Amino acid sequence: SKQKSTQAMTIQRLKLLIQNATVTKPANDVVTVFMDSPGTYDVRILNLDGTLVRNEAAFKDHVNIDVAELAQGFYFIELTNTDTKQQFVQKLTKL
């Protein structure tokens with residue numbers, strides 16, 4: 001079914017992410033994202049509904065993201081390679 005296919009894709013994306021990006025978590029004020037794959041990445045922070053909370057400047061290798069102003073809760077950090085458009089998604093817990 002389409003739902004199972006979507007769930008499988010999500011699991012694959014998360015497995016890819018675990019291999020390619022490391023996010024320090026949980027976070028109080030600053031989150032650091034480290035990328036194993038070379039390239040330049042755009043960063044978006046989304047709430048659990050998928051609504052864009054903020055955009056961050058593109059980065060290479062690693063980036064520090066100030067999350068002090070975000071409300072406590074769960075978010076997704078979406079990383080997109082600016083050349084290949086490959087995406088990675090990581091869950092963020094804001095304390």
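Note that the coordinates shown come from a computational prediction; the quantities given were computed from them, not determined experimentally.

Summed over all chains, the structure comprises two salt bridges. Across the pair Arg 44 and Glu 78 runs a salt bridge whose closest N-O atoms are separated by 2.8 Å. Taken as a pair, Arg 44 in strand S3 (residues 40-47) and Glu 78 in strand S6 (residues 73-81) lie far apart in primary sequence, 34 residues in all. Residue Glu 56 is joined to Arg 54 by a salt bridge in which the shortest nitrogen-to-oxygen separation is 3.0 Å.

What follows covers the pairing of strand S7 (residues 87-94). Residues in a regular strand project their side chains so that they alternate between the two faces of the sheet. In this structure, S6 lies alongside S7, joined through eight bridges in antiparallel fashion. Opposite Leu 79, over in S7, you have Phe 88 as the bridge partner. In this structure, the hairpin formed by S6 and S7 is closed by a connection of five residues, where Lys 85 is found at a positive phi of approximately 70°.

Our next topic: the environment of Asn 47. Tracing the chain through its elements places Asn 47 in strand S3. With 29 residues separating them along the chain, Asn 47 and Phe 76 place their C-alpha atoms 6.2 Å apart. Contact partners of Asn 47, with chain neighbours within four places excluded, come to Val 53, Phe 74, Tyr 75 and Phe 76. Among the polar contacts made by the side chain of Asn 47, one reaches the main-chain amide nitrogen of Asp 49 at a distance of 2.9 Å.

A few words now on the confidence of the model for the protein. The pLDDT averaged across the protein works out to 78; a share of 72% of its residues lies at or above 70. At the level of individual helices and strands, the protein shows its lowest average pLDDT in helix H1 (residues 2-20), which scores 49, and its highest in S3, which scores 92. In the predicted structure, residues 14-20 sits below a pLDDT of 50 and forms 13 contacts with residues beyond four places in sequence or in another chain.

Definitions and cut-offs
- Residues numbered from 1 in each chain as written.
- Predicted model: local features only at pLDDT ≥ 70, side-chain atom pairs only at ≥ 80, totals over all residues.
- Heavy atoms only, no water.
- Salt bridge = Lys/Arg side-chain N within 4 Å of Asp/Glu carboxyl O.
- Helix = DSSP H or I, 4+ residues; strand = E, 2+ residues; numbered from the N terminus.
- Pairing = 2+ DSSP bridges.
- Contact = heavy atoms within 4.5 Å.
- Polar contact = N/O pair within 3.5 Å; in protein donor to acceptor, adjacent residues only side chain to side chain.
- pLDDT = per-residue confidence, 0-100.

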